Amino acid sequence: MRENEKVYRTLAMLRYQADRYQSAGNGAMSQRVNAEIRRLMNEIHADAEKN
């Protein structure tokens, strides 16, 4: 599996988790997962600008 594919699968998993936490009323964990999503998205964006 290529590196990009792993990152996109991870993002999908994190988005699912964030939705689950939010629907369960666990805002703190939802915010934590969303912060991780933003970190990964920034990393992807930075890598794209390099290339």
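Since we're looking at a predicted model, the values are computed, not measured.

Peer 1: Just checking my understanding: could you explain helix α1 (residues 3–23) for this structure?
Peer 2: Here α1 contains 21 residues, and its C-alpha end-to-end distance of 30 Å stays within 8% of the 30 Å for a straight helix at 1.5 Å per residue. Within the sequence span of α1, burial applies to V7, L11, L14 and A18. All buried residues of α1 project into a common sector of 70 degrees when viewed along the axis, lining one side. Within α1, the exposed residues directed more than 90 degrees away from the buried face are R9, Y16, R20 and S23. Each element contacted by the buried residues of α1 is listed here: α2 (27–50). Within two residues after α1, G25 carries a phi angle of roughly 85 degrees, on the positive side.

Peer 1: What is the right way to look at the pattern of salt bridges in this model?
Peer 2: Should the charged atoms of two oppositely charged side chains come close, the side chains can pair. Under the defined criterion, the tally for this structure stands at three salt bridges. Among the ionic pairs, R39 bridges to E36, the shortest N-O distance being 2.7 Å. You can see R39 and its partner E36 sitting in helix α2, three residues apart, about one turn around the helix. Overall, R39 belongs to the partly exposed group, its relative accessible area being 41%. A salt bridge links R39 to E43; the shortest N-O distance between them is 3.0 Å.

Peer 1: When you look at the environment of E36 in this model, what are you seeing that I'm missing?
Peer 2: The class for E36 is partly exposed, based on a relative accessible area of 30%. Linking E36 and Q22, residues 14 residues apart in sequence, is a C-alpha distance of 15 Å.

Rules behind the numbers
- Residues numbered from 1 in each chain as written.
- Predicted model: local features only at pLDDT ≥ 70, side-chain atom pairs only at ≥ 80, totals over all residues.
- Heavy atoms only, no water.
- Helix = DSSP H or I, 4+ residues; strand = E, 2+ residues; numbered from the N terminus.
- Expected span 1.5 Å × (residues − 1).
- Buried < 20%, exposed > 50% of the residue type's maximum accessible area, 1.4 Å probe, protein only.
- Arc of directions from axis to C-beta.
- Contact = heavy atoms within 4.5 Å.
- Salt bridge = Lys/Arg side-chain N within 4 Å of Asp/Glu carboxyl O.

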